[in-house]
Amino acid sequence: MPLVTAPADPGLRSVAHVAVEARVGSVSGLFDYAVPDDLTGVIEVGHRVRVPFGKRTVTGFVYALDTAPAVLELKPIEALVDAEPVLPPVLIELAGFVAAHYAVPLDEVIRAIVPPRVRAVVRRTVKRRRQSRILRQATGVPTASDIQLEPAQQAAKERIAVALGRQEGQVFLMHGVTASGKTEVYLALLAEVLAAGGQGLVLVPEIALTPQTVGRFGARFPGRLAVLHSSLTEAERAAEWWRIRRGEADIVVGPRAAVFAPLPRLRLIVIDEEESSAFKQERIPRYHAPTVARWLAHRTQSVLILGSATPSVVAYAAALSGRAHLLELPHRAQGRPLPPVTVVDMRKEIATRHFSPLSQELQAAMAGSLERREQSILFLNRRGLATFVLCRDCGQVRECAHCSVALVYHAALGRLQCHYCGSSEPMPRRCPACGSRFIKSFGVGTERIEQEVRSLFPSSRVVRLDRDVMKTPDAADLVFDQMLSGDADVLVGTQMVAKGLDLPRVTTVGVVNADTSLHFPDYRSSERTFSLLTQVAGRAGRGTRASGVFIQTYTPDHPAIRHAQHHDYRGFYREELEVRRSYGFPPFGELIVATYGHRDEARAEGEARSAVEQLSATIGLLNLGDIEVLGPSPAFVYRLKDEFRFEVTLKGTDLQRLGERLPRGRGWSLDVDPM
């Protein structure tokens, strides 16, 4: 580790660049401090220190050590907080990469890397008041260590094992259909890594981090697994983090933030369902975990596996171009067929005056499954009883008082709720605008579908899984347990039910409305829809019984739906790639979205227009004609928490060339590589 020593030149002094935890809003987040004589030869990169900041004393992390002219007046570091560095050098370097790539201050990145209780507590031992269920699952019940791989799995495993043996930082894209046995390959490779003294990191989308996932890894590697997950208490997260930092855990499983786990002997990184938007952080720093993992794999000479049944267009294009190795698992394990998919044109349902949100074909399939004591999953990526409330006299839709979005009616709460800021209000008896009594809820959410199932099949045992039922950290686990044990017949849910579930009794899967995510103003809407449909369809047919999938839609000819019906990823990829090429969207270009928000609407628009003018002038001055400035335009959610928001979009290649010229400061937020 880099140590600071006394400079040989008496005209120089030792200096530490410190990322202070002060939320000062500086561009870099770094401040220089003199290293006092008593810390010379002691302080290292990654150490946590106490430093003066204005009239107060704050903590910070030493990012780099340097020298500066002795005549330069600098405040000295007051003290070390810990005897040893909290952050290893590789994580300090990683923080620097994230800060530079995503244009955020370094202190914001370190805040994301280090759990709150670790930043706040000096001692390394943290008492736990209880143990979360997911940690108990991580201990597992030991199982036999020999994994019998099928030929395609074995071939994939052997190719990756060669790179592991050479300790080469290579990237593999494992494209395997649902239930093709990708997890078995991960387990076999992790066993080899651990046998050689290395460590592994497994990232899964938040929705896929189920008891099945954690339980399988915990049973295969008892006592060697750590979990970093938002459902843990702060004390548990800190305790797990210190276990990892001390080298006491050899495998870390978790969602996107686990990419920052302080693993000292990292050799293998696995990202399952790599295409998931859950790997993109929505809050600052807005990092993309697979992008961060690529840097980490290169820096540590680790192997990175990107696994998916529906790879992102960008990842698949990278593999075809040779920037990653493509591995294919084209068939389900044990020779099981992919389930047949029926596309139901809901326009025809209306024409026959069938107005239920569940088509006649889907109802018949569910009735058959119930009669045979089998299970069904109904997927709708919209929660609540109704999606909006409208007055049939004046036509006004009830919107949030703080955001420009329609309020959603939740019967369980008996209230209208905003899904963006969380505010709520009672369901009005009269229209607040015109006083009419003819105010009614419209649209369909998961709560409404649950009611419909109970009405159609009164004897069925129905469970629902969405954010509204996630009252406790263990709520999702309990729902999955009911399905796995056979204590539930029908599972209704949002994208939480789309991935990571292996339920052999499920023989009917219904997508209530495939169009929900299809028409969003987002260049990835088709990709996201195809992925969701394919992944949801993959929940069927995992047992030995005949299964069926029903996709309900008003646009049956859309490419995402046509190709999902036939499990045709390559067909979808080829068609979508041409659309991306024509518009210059990734992988043919990069995107940065800069958003300015202010309570004054005119000022918000004015600041955004000024930024467009400055960026356009900079691009002309630097001769960056391949970069295009779009906007300003109102954000998708135009008003959020009482602030009006305008977006400026940059599109082109190597957008990092704009560097510090990107709009920064109070009111601005940057989203690099938006998803």
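Attention in this report is confined to the structure presented alongside it. (Residues numbered from 1 in each chain as written. Predicted model: local features only at pLDDT ≥ 70, side-chain atom pairs only at ≥ 80, totals over all residues. Heavy atoms only, no water.)

## Topic: the packing of aromatic side chains
Right, on to step 1. Scanning the entire structure with this criterion turns up 14 aromatic pairs.
Right, on to step 2. The positively charged end of K651 is found above the aromatic ring belonging to F585, 4.8 Å away from the centroid. (Phe/Tyr/Trp six-rings, centres within 6.5 Å; stacked < 30°, edge-to-face > 60°. Lys NZ or Arg CZ within 6 Å of the ring centre and 35° of its normal.)

## Quick notes on the pairing of strand 9 (residues 251–254)
Right, on to step 1. Burial along strand 9 is two-sided: the residues I251 and V253 and V252 and G254 are all buried.
Right, on to step 2. Strand direction decides the pairing type here: strand 7 (residues 199–203) and strand 9, joined by four bridges, are parallel. Bridge pairing in strand 9 links L203 to G254.
Right, on to step 3. Sheet topology places strand 8 (residues 225–227) next to strand 9; three bridges connect them, and they run parallel. Considered in strand 9, the bridge of A226 is made with V252.
Right, on to step 4. Following the chain from strand 8 across helix 8 (residues 234–245) to the adjacent parallel strand 9, one finds a crossover that is right-handed. (Buried < 20%, exposed > 50% of the residue type's maximum accessible area, 1.4 Å probe, protein only. Helix = DSSP H or I, 4+ residues; strand = E, 2+ residues; numbered from the N terminus. Pairing = 2+ DSSP bridges. Right-handed = clockwise from strand over helix to strand, strands pointing away.)

## Overview of helix 14 (residues 475–485)
Right, on to step 1. Looking at helix 14, one finds that the buried residues are A475, A476, D477, V479, F480 and M483.
Right, on to step 2. A positive backbone phi angle near 85 degrees is found at G486, which sits one or two residues after helix 14.

## Remarks on unusual backbone geometry
Comment: phi is negative for the bulk of residues other than glycine, and the bulk of peptide bonds are trans.
Right, on to step 1. With omega at 15 degrees, the peptide bond leading from P586 into P587 counts as cis.
Right, on to step 2. Looking at where P587 falls in the secondary structure, it is placed in the loop between helix 17 (569–583) and strand 24 (590–598).
Right, on to step 3. Residue Q167 is not a glycine yet carries a positive backbone phi of 55 degrees.
Right, on to step 4. Counting through the fold element by element, Q167 comes out in the loop between helix 5 (151–166) and strand 6 (171–176).
Right, on to step 5. For Q167, a relative accessible area of 43% gives the class partly exposed.
Right, on to step 6. For R373, which is not a glycine, the phi torsion comes out positive at approximately 60 degrees.
Right, on to step 7. With respect to the secondary-structure elements, R373 resides in the loop between helix 12 (360–371) and strand 14 (375–379).
Right, on to step 8. Taking the relative accessible area as the measure of exposure, R373 reaches 74% and is therefore exposed.

## A word on the nonpolar core
Right, on to step 1. L87, V252, I269, L491 and L650 are the most contacted members of the largest nonpolar core, which totals 113 residues.
Right, on to step 2. With seven residues, the single largest contributor to this core is helix 1 (residues 89–101).
Right, on to step 3. Setting aside residues up to four positions removed in sequence, L650 forms contacts with E590, L591, I592, L615, I627, E628, V629, L655, L658 and L662.
Right, on to step 4. One finds L225, L232, V303 and L329 within the second-largest nonpolar core, a separate group that totals 33 residues. (Core = buried A, V, L, I, M, F, W, Y, C linked by side-chain atoms within 4.5 Å. Contact = heavy atoms within 4.5 Å.)

## What to know about the pairing of strand 27 (residues 668–672)
On any regular strand, side chains alternate: one points to one face of the sheet, the next to the other face.
Right, on to step 1. With five of five residues buried, strand 27 lies mostly within the body of the structure.
Right, on to step 2. A two-sided burial pattern is seen for strand 27, the buried positions comprising W668, L670 and V672 on one face and S669 and D671 on the other.

## Some words on the packing of helix 1 against helix 2 (residues 106–113)
Right, on to step 1. It is at 9 Å that the axes of helix 1 and helix 2 come closest, and there the two elements cross at 125 degrees. Relative to helix 2, the element helix 1 lies oblique. Where helix 1 crosses over helix 2, the handedness of that crossing is right-handed. Residues L91, A95, G96, V98 and A99 of helix 1 form the contact with helix 2, whose participating residues are L106, V109, I110 and I113. (Axes fitted to C-alpha atoms, helices over the stretch in contact; angles between N-to-C directions. Parallel < 35°, antiparallel > 145°, perpendicular 65-115°, else oblique. Left-handed = near helix turned anticlockwise from the far one by under 90°.)

## As for helix 12
Given 3.6 residues per helical turn, the α-helix brings residues three or four places apart onto the same face.
Right, on to step 1. With 12 residues, helix 12 should reach 16 Å at 1.5 Å per residue; the first-to-last C-alpha distance of 16 Å fits that figure.
Right, on to step 2. Taken as a whole, helix 12 has its buried residues at L362, Q363, A365, M366, G368 and S369.
Right, on to step 3. Contacts made by the buried residues of helix 12 are with strand 14, helix 13 (446–456), strand 21 (490–493), strand 22 (506–511) and strand 23 (548–553).
Right, on to step 4. Phi turns positive, to about 60 degrees, at R373, one or two residues after helix 12. (Expected span 1.5 Å × (residues − 1).)

## Quick notes on the sheet that holds strand 21
Right, on to step 1. In space, the six strands of this open sheet follow the order 13-23-22-14-21-20, with parallel pairing throughout. A strand with exactly one partner marks an edge of an open sheet, and here the two such strands are strand 13 (341–345) and strand 20 (462–465). On average, adjacent strands in this sheet sit at an angle of 20 degrees to one another, irrespective of strand direction.
Right, on to step 2. Where strand 13 lies against strand 23, five bridges are found, and the strand directions are parallel. Considered in strand 23, the bridge of T342 is made with F550.

## A short note on the state of the cysteines
Right, on to step 1. Overall, the coordinates contain zero disulfides when judged by the stated rule.
Right, on to step 2. The cysteine C431 is free of any disulfide, with C394 supplying the nearest cysteine sulfur at 3.7 Å.
Right, on to step 3. Here C434 stays unpaired: no disulfide links it, and the sulfur of C391, its closest cysteine neighbor, is 3.7 Å away.
Right, on to step 4. Residue C434 is classed as partly exposed on the basis of its relative accessible area, which comes to 42%. (Disulfide = S-S within 2.5 Å.)

## Remarks on a nonpolar patch on the surface
Right, on to step 1. A cluster of nonpolar side chains, contributed by I350, F355 and Y554, occupies part of the molecular surface with about 310 Å² of accessible area.
Right, on to step 2. Structurally, the position occupied by F355 is in the loop between helix 11 (346–351) and helix 12. (Patch = residues over 30% accessible without salt bridge, like charges linked within 9 Å, V, L, I, M, F, W, Y side chains within 5 Å. Areas by Shrake-Rupley, 256 points an atom, 1.4 Å probe, with all protein chains shown as cover. Salt bridge = Lys/Arg side-chain N within 4 Å of Asp/Glu carboxyl O.)

## Some points on the sheet that holds strand 1 (residues 12–20)
Right, on to step 1. Strand order in this open sheet of five strands is 2-1-4-3-5, and the pairing throughout is antiparallel. Looking at which strands have only one partner, the edges of the open sheet turn out to be strand 2 (30–34) and strand 5 (79–80).
Right, on to step 2. Looking at chain direction, strand 3 (residues 48–53) and strand 4 (residues 56–69) are connected through six bridges and run antiparallel. From the neighbouring strand, R48 faces strand 4, where its bridge partner is F61.
Right, on to step 3. In the packing of helix 2 onto the sheet, contacts are made with strand 1, strand 2 and strand 4, and the angle to strand 1 comes to roughly 60 degrees.

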